[in-house]
Amino acid sequence: MAMVVAHHRESSSNNSGSIDKHLDSISGKYVRYTAEQVEALERVYAECPKPSSLRRQQLIRDCPNLSNIEPKQIKVWFQNRRCREKQRKEASRLQTVNRKLSAMNKLLMEENDRLQKQVSQLVGENGFMRQQLHTTTAATTDASSDSVVTTTQHSMRDANNPAGLLSIAEETLTEFLSKATGTAVDWVQMPGMKPGPDSVGIFAISQSCSGVAARACGLVSLEPMKIVEILKDRLSWFRDCRSLEVFTMFPAGNGGTIELVYTQTYAPTTLAPARDFWTLRYTTTLENGSLVVCERSLSGSGTGPNSAAAAQFVRAEMLPSGYLIRPCEGGGSIIHIVDHLNLEAWNAPEVLRPLYESSKVVAQKMTIAALRYIRQIAQETSGEVVYGLGRQPAVLRTFSQRLSRGFNDAVNGFNDDGWTVLNCDGAEDVIIAVNSAKNLNGTSNPSSSFTFLGGVLCAKASMLIQNVPPAVLIRFLREHRSEWADFNVDAYAAASLKSGTYAYPGMRPTRFTGSQIIMPLGHTIEHEEMLEVIRLEGHSLAQEDTFVSRDIHLLQICSGIDENDTGACSELIFAPIDEMFPDDALLVPSGFRIIPLASKPGDKKNTISTNRTLDLTSGLEVGPMTVHGADASSSQNARSVLTIAFQFPFDSNLQDNVAIMARQYVRSVISSVQRVAMAISPSGISPGVGEKNSPSSPEALTLAQWICQSYSYHLGTDLLRSDSLVGDLMLKHLWHHQDAILCCSVKSLPVFIFANQAGLDMLETTLVALQDITLDKIFDESGRKTLCTDFAKLMQQGSAYLPAGICMSTMGRHVSYEQAIAWKVLNAEDNDVHCLAFSFINWSFV
């Protein structure tokens, strides 16, 4: 070690010259490096930081000026150089962490000061109210109304007078700052959102104020001007924003700008009209260098270029809202976001009014979404984000936006987009809308657009579901597509996008093999949204096409699968896509959206357990689900609104046939979803149904004991290190065992029924999706032959050792393993074979 330190000290100097230094007999003579020698070594280090012994000897032969250096000394130089590089990177990382923590500490101190002011204000108001209690009842009423923390409510000014716009802008700025950093609104912490150095930010929602409001503050590693540019482009991050047009822009005279903006938003369901806003947006710089973008509604008739189109919307009000961005020392910015809206809940059906009266919904859809999007861009800019299939983050982000926008267009069916509703007597549960002029652009280049000969037909419906966690339902729909989808309908939709070919579903019948492969493309920084490609394996039933593969590929986004994300909606949106997956692929999205409705306070009937999900593949049995968060028994919203929209391209002479098919198909999907919902709901689960394979269920405990006991019986050694492990402890150690352990049924076509964490990681699947995977699917041809050869030995002797080989994950990745052990798992009660177990030793992805 002394030699290494000495070399580090010596080699850090680039001065020319040489010295002789005698070490022990093993080390030989040390020679000080010249500047030319260091330069030659640095060139090699840049190409290969850890050269082999042969490479170092070749280096000495290729560089004559290194001929006087011993190979061992050169080896030590590379060791020291790697050490210095590691120390430099660690020092840089620690400096970055220190800056982040300092900025976060400053942010938390400011938040603490604001809370202290709020406490002082509330204490003063409390004393004032106590004093007023000694007066008359009328005085008490007046005092109470005066003491409530309110937001100053200004009537919406007339925007037709430009002279008054600057005063409106300055008032908007003052009110916004009082909400962002002051006590104008009584903020309470967003449930489930805890601040910390690794959190996205600090989130709060309003309490007892006019309208609904949400607030966020956080640290972002982007410069203020870049953040302003991103946030003002609301279409890029606010998925519910349909359009944003700036009608007027002029300087404010103080270095700022004033804009008059018309914004249209989508309705989340088919049951209520969409909202629009006519606002003044003010951008300016404060004396301390902070940038501010604030916005509020104006009176007037700002309806955009098409007043007839605006008639489809309900005019909502934006109370003073905006963004405060302050630069940080050393780079980055601290950002405060406030969204304060009055969404005119009275104009929605009573059952949907909680959506328009919930600050949590505003927080999830706007405030938190904005901060998360900025953090996502910051990580992509720094190169921290890695995506699949070699696609750039911006391309994949565009795919997600197009899927979401296409689904929103289908749900809303705006007249100015060309949608018309077919004859409906009002009693139909499924709405059929047709867009005969639908022109779906694959890219922004009009010459590459694709126009359907007939158009696009959309079948959509909204329904209320009770006592069903949206995250659980969406997860099931994602993992068990064969339980609700018709492969022939998927095949029809996929074929319709290829060269304008059309066929009525069923004309070329196809068998779905049941295999669904999910290939991840990317996800957001908190995994709240995933982008993936789904491959559905199918084969033609027509004799002449027996050997023709009819695989279907779907591009899909899935979001809202975390039960602890309070107020978030869950979505599964997909569209057929060509297997080449071009960047300008044509997308006709369909899917599901589930939005939780706020339950009534104190309604105990709405409390349900969240520690289970569904497995319909085995007779509506409840399967496993991992619960994240501290409190697994926390209640979920009792009611949710489910919106379904499916789009079908069609030829003009097939419109009536496709309409009938679409209505029947969506009704069958609704029926399947209702069946799933009944099984998930506490009232829909029969007493005999247990939590199969859950890491905490009795069945899993029993299976773990059988696996370990059978291993010891057949192989004469213990699977786990200690033979004293029992009960939960045994299951815990089996679950976290380093080798991939999987169990499959003993059938003509074995299906997996259990896997530990390493097994799930190796197959890249979940416990629920595991039960759709057959044993033969994971082995290559060589592995299947080996298994067939040793299967008789396995059944006769009870165990078998399989040589090193290759298997396949559900994502199509190859996995190598050094050895596999197979053994029969015996039922301890009657000694019958319950299943087969496999242990894959030292596995890794190729």
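As a starting point, this report considers the structure included with it. (Residues numbered from 1 in each chain as written. Predicted model: local features only at pLDDT ≥ 70, side-chain atom pairs only at ≥ 80, totals over all residues. Heavy atoms only, no water.)

Describing the overall build of the protein
Line of reasoning, step 1. Of regular secondary structure, the protein possesses 21 helices and 34 strands.
Line of reasoning, step 2. Of all 846 residues assigned to the protein, the portion counted as buried reaches 52%. (Helix = DSSP H or I, 4+ residues; strand = E, 2+ residues; numbered from the N terminus. Buried < 20%, exposed > 50% of the residue type's maximum accessible area, 1.4 Å probe, protein only.)

Focus: the pairing of strand β9 (residues 291-297)
Every other side chain in a regular strand lies on the same face of the sheet, so the side chains alternate between the two faces.
Line of reasoning, step 1. Of all seven residues in β9, seven are buried; the element is thus mostly enclosed.
Line of reasoning, step 2. Side chains of β9 alternate between two faces, with Leu291, Val293, Glu295 and Ser297 and Val292, Cys294 and Arg296 buried alike.
Line of reasoning, step 3. In this sheet, β9 lies alongside strand β8 (residues 274-285) in antiparallel orientation, the contact comprising seven bridges. Bridged to Thr284 within β9 is Val292.
Line of reasoning, step 4. Hairpin connection between β8 and β9: a loop of five residues separates the two successive antiparallel strands, and Gly289 in this loop has a positive phi of roughly 90°.
Line of reasoning, step 5. In terms of strand pairing, β9 meets strand β12 (residues 321-327) through five bridges, oriented antiparallel. From the neighbouring strand, Glu295 faces β12, where its bridge partner is Ser321. (Pairing = 2+ DSSP bridges.)

Looking at the side chain of Thr774
Line of reasoning, step 1. For Thr774, the position within the fold is in the loop between α19 (767-770) and α20 (775-778).
Line of reasoning, step 2. Within the structure, the side chain of Thr774 is placed 2.7 Å from the side chain of Asp776, a separation counted as a polar contact. (Polar contact = N/O pair within 3.5 Å; in protein donor to acceptor, adjacent residues only side chain to side chain.)

Let's talk about the sheet that holds strand β28 (residues 752-755)
Line of reasoning, step 1. One open sheet holds the five strands; their spatial order is β28-β27-β33-β32-β29, and the pairing between them is antiparallel. Two strands lie at the open edges of the sheet, namely β28 and β29 (799-802), each paired on one side alone. For this sheet, the mean inter-axis angle between neighbouring strands, taken without regard to orientation, is 20°.
Line of reasoning, step 2. Two strands pair when backbone bridges link them, and strand β27 (residues 740-744) and β28 are joined in this way by three bridges, in the antiparallel orientation. Bridging from a neighbouring strand, Cys743 pairs with Phe754 of β28.
Line of reasoning, step 3. Sheet strands in contact with helix α21 (residues 781-797) are β29, β32 (819-826) and β33 (833-841), and its direction is about 155° off that of β29. (Axes fitted to C-alpha atoms, helices over the stretch in contact; angles between N-to-C directions. Contact = heavy atoms within 4.5 Å.)

What to know about the pattern of salt bridges
Line of reasoning, step 1. One pass over the full model with this rule turns up 19 salt bridges.
Line of reasoning, step 2. Across the pair Arg81 and Glu42 runs a salt bridge, and its minimum N-O distance is 3.0 Å. Of this pair, Arg81 sits in helix α4 (residues 71-132) while Glu42 sits in helix α2 (residues 35-47), placing them 39 residues apart in sequence.
Line of reasoning, step 3. Judged by its relative accessible area of 28%, Glu42 is partly exposed.
Line of reasoning, step 4. What you see here is one network of salt bridges that share partners, running through Glu42, Arg81, Glu85 and Arg88. (Salt bridge = Lys/Arg side-chain N within 4 Å of Asp/Glu carboxyl O.)

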